[in-house]
Amino acid sequence: MNDRSNVEFSEREALLFHSHDRPGKIEIVATKPMATQRDLSLAYSPGVAVPVKAIAEDPAKAYDYTAKGNLVAVISNGTAILGLGNLGALASKPVMEGKAVLFKRFADVDSIDIELDTEDVDKFISAVEIMEPSFGGINLEDIGAPACFIIEQTLKERMNIPVFHDDQHGTAIISAAGLINALHLTGRDIRDCRMVVNGAGAAAIACTELIKAMGMPHDNVIMCDRKGVIYQGREEGMDQWKSAHAAATDTRTLQEALSGADIFLGLSAGGALRPEMVMEMADQPIIFAMANPDPEITPPEAKEARPDAIIATGRSDYPNQVNNVLGFPFIFRGALDVRATTINDEMKIAAAEAIAALARQQVPEEVAAAYGTSHSFGPDYIIPAPFDPRLMEIVPAAVAQAAMDTGVARLPILDMDEYRHRLKSRLNPTTSVLTLAYDQARAHPRRVLFAEGEEEVVLRAAIQFREGGYGIPVLVGRDDVPDRLRALGVSDPEEYEYHNSRKSPLVSEMVEYLYERLQRRGYLRRDCERLVNQDRHIFGALLVALGEADVMITGVTRQYNQSLGQVMKVLDPMEGRRPFGIHILVGKSHTVFMADTTVNERPSPELLADIAEQTAAVARRMGHEPRVAFLSYSTFGNPPGNWLENIRDAVALLDARGVSFEYEGEMAPDVALNPKLMKNYQFSRLSEPANVLVMPGLQSANLSAKLLRELGGDHVIGPMLVGMANPVQIATMSATASELVTLAVLAAGGIAR
Ligand SMILES: NC(=O)C1=CN([C@@H]2O[C@H](COP(=O)(O)OP(=O)(O)OC[C@H]3O[C@@H](n4cnc5c(N)ncnc54)[C@H](OP(=O)(O)O)[C@@H]3O)[C@@H](O)[C@H]2O)C=CC1
Ligand SMILES: CC(=O)C(=O)O
Ligand SMILES: [Mg+2]
């Protein structure tokens, strides 16, 4: 299918993708149980009559009792399917289904595709306008110009929900965001640039209008269509929308128009821009070849002709994807959440600015990983990737705020911070659990020591930690730390504190400190000197011990137990505590805490009881009412075995201690977690499935945690080390930067203790 980009697939593969399993890309999933007769009576007749009457009395109640408020129709007649042209309503269905699933994937907006088999503008309008009761918003898609302008304008006037032609405004918003950053990088002022737009259809006209509204003078823009330059006085193939952009120019072809131009904006068809045309453009030309599926010119061709160019396409498999997918899910999210009556210009500009600003910030690790290479703001990264999780928090909030500021919000958001948290948790359950911890870390920034500052993943974590405002990173590393930070896109690496064990003035104090601790454990002074100079875990832990940092993060360069062993040469557990590890499993609707997954091989009854109490405390700190299950292969003595006494004694110890949470055991994991199986044990003291699982021993605990991490559907946080006097977190060797930041935040915020 395509041999030039870095993603290859065959036509067969594309067809199989769409046909395998269940044909197509969407299905409907019920949000209410449909298991019993009673459920059916409530969901349908007779129960359904109650909300019917309520809505008849007060139409706004439709938002409370139906899916309307989160439902968007993606509607097309297939007259301009991508850049493939007019292939009809039915052929557009795969694209419309695709848009519907993107709505869901990126912004948790429910969406359904509707293909209307008509090119008659009035019929199209009548069909859509009577759908208003069904939907919270209408996304028009792939309707050719000029019909699309009339359709959208009329529907906007007639409907009281947002109507948004994505090829026009979605594209305009994203290309404006990309252009803001490309101009920024090349030091240009929008008022002095010359731009050539190829295409004069839905997308091209809307993009040009927005860019002119942002300050580019009308006389600096030349627009071309299939017949060449749209000049003043041209009569052939014109309409009122093209005429509005006709230029006073002697040029007649795209090639002539491009001579000396700063910007090429392609919204036409694949292959329309040839390398020799690009050669004529100004220095550092900006080339947005946005036709889909094939751009006007491919990035390799453009780069060969002009190595100094900044190049963007509409595709995800090249750098700089300027595609409306970056916009429409998040724009509708914001509009739906305030029940906006429309999506106005202020909301569009707010979205463009928010997206542009995001690209100038440090790229999160999961995004860098998805790209397969590291990215920071520059010619190959002028626009965030659609799967950047920050889009979901930032863009809808900006759109919702603009809707409120311009008086089109029917349900204003009273607490914007709370709304942003809600946005994050819609997609990523981990973040809702962590939100408080992140807030806490921001409110009380602490000094966090990243002991393995020679590792790129650690540097990334330190950057994210600082840029997120979560605290002050302190790095252990050599003198190239600033250069390496700069290479990762940090503009002020000198602001980062780092300690080099070969040069640190603290070394002699550290050696004394360590020798004092280890002299009766078989260590000579010179052993201690060597440890301080050569072991970053020891050196890092000593920095914490001497008060240079509050929290320590390490673990990516060594096995867990080796890292822990070194750290414990320097730092102590809390008085009367034995450190242990917790893995936190975060699913779509549940969070489970599993312990001890990392430290104690055969916990005694006392230790099992301690682990239960302390893990319950962590669960509480993370907003969950703990229900502890002591796990075993056996449930209440069945099958009988030799290893149950420890667990029973631990349960008895909790009885004696009179703890304030539910606990029960011994029980198998399915009994602990499955409500149906639980019902077989009416005497059990757990009122609901357990959310704290105390494991009987390290073997089963560690391997369960690792299996779940590798195979399970849940997101896994941890292992989180608790019980140390100074907060220390030891990550796994496979940890990503985001995972390191999470551990740092949990430790700094006092949740992991
Ligand atoms: N990256 C993105 O996010 C998006 C990309 N697009 C892409 O933009 C393109 C246009 O889409 P849309 O505006 O919806 O479609 P329209 O049908 O509304 O407009 C197409 C326009 O392109 C012009 N055109 C077609 N071929 C050429 C050519 N070889 N040279 C010059 N002009 C040409 C047509 O000229 P004429 O008027 O003479 O017929 C027409 O003006 C498509 O390729 C689409 O995939 C669209 C939306 C978003
Ligand atoms: C991306 C898009 O909407 C298009 O190419 O039509
Ligand atoms: Mg489209």
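- Within an unreviewed UniProt entry, the label attached to the chain reads Allosteric NADP-dependent malic enzyme, and the organism entered is Parasphingopyxis lamellibrachiae.

**Re the site of ligand 1**
No. 1: Near ligand 1 you find 27 residues, and of these Ala-200, Ala-203, Arg-226, Lys-242 and Asn-324 are the closest.
No. 2: A distance of 3.1 Å separates an oxygen atom of ligand 1 from a polar atom in the backbone of Asn-292.
No. 3: A distance of 2.9 Å separates an oxygen atom of ligand 1 from a polar atom in the backbone of Asn-324.
No. 4: Taking 910 Å² as the accessible area of ligand 1 by itself, protein coverage stands at 85%.
No. 5: Breaking the shell around ligand 1 down by element, the ones donating at least two residues are helix H8 (166–185) and helix H9 (202–213).
No. 6: Tallied by class, residues from the shell around ligand 1 come to twelve nonpolar, eleven polar and four charged.

**Some thoughts on helix H27 (residues 645–657)**
No. 1: Taking 1.5 Å of rise per residue, the 13 residues of H27 would be expected to cover 18 Å, and the 18 Å separating its terminal C-alpha atoms lies within 8% of that figure.
No. 2: When we look at burial in H27, the residues that qualify are Ile-647, Ala-650, Val-651 and Leu-654. Down the axis of H27, the buried side of the element spans an arc of 100°, and every buried residue falls inside it.
No. 3: Its buried side turned inward, H27 meets helix H26 (605–621), strand S17 (627–631) and strand S18 (662–667).

**Concerning a nonpolar patch on the surface**
No. 1: A cluster of nonpolar side chains, Leu-82, Leu-84 and Leu-87, forms an exposed patch at the surface whose accessible area comes to about 270 Å².
No. 2: Tracing the backbone through its elements, the reader meets Leu-82 in the loop between strand S1 (71–76) and helix H5 (93–107).

**What about the sheet that holds S1?**
No. 1: Within the open sheet, the four strands sit side by side as S2-S1-S3-S4. Their pairing is parallel. Edge positions in the open sheet fall to strand S2 (110–115) and strand S4 (163–165), since each of these has one partner strand only. If you compare each strand with its neighbour and ignore which way they point, the axes differ by 20° on average.
No. 2: Bridge analysis of S1 against S2 gives six bridges, and the strand direction is parallel. Within S2, the position partnered with Val-72 by the bridge is Ser-111.

**Considering the site of ligand 2**
No. 1: With respect to spatial proximity, the complete set of residues near ligand 2 consists of Leu-82, Lys-99, Glu-141, Asp-142, Asp-167, Asn-292, Asn-323 and Asn-324.
No. 2: One nitrogen or oxygen atom from the side chain of Asp-167 is found 2.9 Å from an oxygen atom belonging to ligand 2.
No. 3: Within the complex, 86% of the 210 Å² of free accessible area of ligand 2 lies under protein.
No. 4: Residue-level mapping places the shell around ligand 2 at the junction of two domains, with at least three residues from each of domain 1 (11–166) and domain 2 (169–324 + 340–375 + 410–421).

**Regarding the nonpolar core**
Generally speaking, nonpolar side chains in soluble globular proteins are found buried as a group.
No. 1: Ranked by internal contacts, the top residues of the largest apolar core, which has 103 residues, are Ile-75, Ile-138, Leu-140, Phe-288 and Met-347.
No. 2: The element best represented in this core is helix H17 (residues 390–405), accounting for ten residues.
No. 3: Each of domain 1 (11–166) and domain 2 (169–324 + 340–375 + 410–421) accounts for three or more of the residues forming this core.
No. 4: Apart from residues lying up to four places away in sequence, Ile-138 is in contact with Ala-73, Ile-75, Val-128, Met-159, Ile-161, Pro-162, Val-163, Phe-164 and Phe-332.
No. 5: Listed in part, the 64 residues of the second largest apolar core include Val-458, Ala-461, Ile-553 and Val-692.

**Structural notes on the packing of aromatic side chains**
No. 1: Counted under the stated rule, the structure contains eleven aromatic pairs.
No. 2: Between Phe-103 and Phe-328, the ring centres sit 4.8 Å apart and the planes meet at 65°, which makes this aromatic pair edge-to-face. Of the two residues, Phe-103 sits in helix H5 while Phe-328 sits in helix H14 (residues 328–337), which places them 225 residues apart along the sequence.
No. 3: Overall, the relative accessible area of 0% leaves Phe-103 in the buried class.
No. 4: Of the aromatic side chains, those joined through ring pairs into one cluster are Phe-103, Phe-164, Phe-328 and Phe-332.
No. 5: In this structure, Arg-252 is placed above the aromatic ring of Tyr-231, and the distance from its NZ or CZ to the ring centre is 3.6 Å.

**As for empty space enclosed by the protein**
No. 1: Applying the stated criterion to the full structure yields two cavities of 30 Å³ or more.
No. 2: Empty space within the second largest cavity amounts to approximately 30 Å³.
No. 3: Looking at the second largest cavity, the residues that line it are Tyr-63, Gly-136, Pro-162, Ala-335, Leu-336, Arg-339, Ala-340 and Arg-410.
No. 4: Each residue belonging to the lining of the second largest cavity can be placed in one class, and the counts come to five nonpolar, one polar and two charged.

**As for the sheet that holds strand S15 (residues 580–586)**
No. 1: Strand order across the open sheet formed by six strands is S18-S17-S19-S16-S15-S20, with mixed pairing between neighbours. Two strands bound the open sheet, and with one partner strand each, they are S18 and strand S20 (715–722). The mean angle between the axes of side-by-side strands here comes to 20°, regardless of whether they run parallel or antiparallel.
No. 2: Where S17 lies against S18, five bridges are found, and the strand directions are parallel. Considered in S18, the bridge of Val-628 is made with Tyr-663.

**Observations concerning the coordination of the magnesium ion (ligand 3)**
No. 1: Protein-derived ligands of the magnesium ion (ligand 3) are Glu-141 (OE), Asp-142 (OD) and Asp-167 (OD), with the metal-ligand distances lying across 1.9 to 2.1 Å.
No. 2: Counting along the primary sequence, the residues that act as donors to the magnesium ion (ligand 3) give the motif E-D-x24-D. In this pair, Asp-142 is assigned in the loop between strand S3 (137–140) and helix H7 (147–158) and Asp-167 in helix H8, connecting sequence segments 25 residues apart.
No. 3: Given the relative accessible area of 15%, Asp-167 is considered buried.

Criteria and cut-off values
- Residues numbered from 1 in each chain as written.
- Chains lettered and ligands numbered in written order.
- Predicted model: local features only at pLDDT ≥ 70, side-chain atom pairs only at ≥ 80, totals over all residues.
- Heavy atoms only, no water.
- Near = heavy atom within 4 Å.
- Polar contact = N/O pair within 3.5 Å; in protein donor to acceptor, adjacent residues only side chain to side chain.
- Areas by Shrake-Rupley, 256 points an atom, 1.4 Å probe, with all protein chains shown as cover.
- Helix = DSSP H or I, 4+ residues; strand = E, 2+ residues; numbered from the N terminus.
- Nonpolar A, V, L, I, M, F, W, Y, C, P; charged D, E, K, R; others polar.
- Expected span 1.5 Å × (residues − 1).
- Buried < 20%, exposed > 50% of the residue type's maximum accessible area, 1.4 Å probe, protein only.
- Arc of directions from axis to C-beta.
- Contact = heavy atoms within 4.5 Å.
- Patch = residues over 30% accessible without salt bridge, like charges linked within 9 Å, V, L, I, M, F, W, Y side chains within 5 Å.
- Salt bridge = Lys/Arg side-chain N within 4 Å of Asp/Glu carboxyl O.
- Pairing = 2+ DSSP bridges.
- Axes fitted to C-alpha atoms, helices over the stretch in contact; angles between N-to-C directions.
- Domains from an automatic or database assignment.
- Core = buried A, V, L, I, M, F, W, Y, C linked by side-chain atoms within 4.5 Å.
- Phe/Tyr/Trp six-rings, centres within 6.5 Å; stacked < 30°, edge-to-face > 60°.
- Lys NZ or Arg CZ within 6 Å of the ring centre and 35° of its normal.
- 1 Å grid on protein atoms, 1.4 Å probe; cavity = no way out; pocket = protein on both sides within 12 Å on 5 of 7 lines; lining within 4 Å.
- Points joined across faces, edges and corners; volume = space filled by probe spheres on them.
- Donors = N, O, S within 2.8 Å, 3.2 Å for Na, K, Ca; no water.

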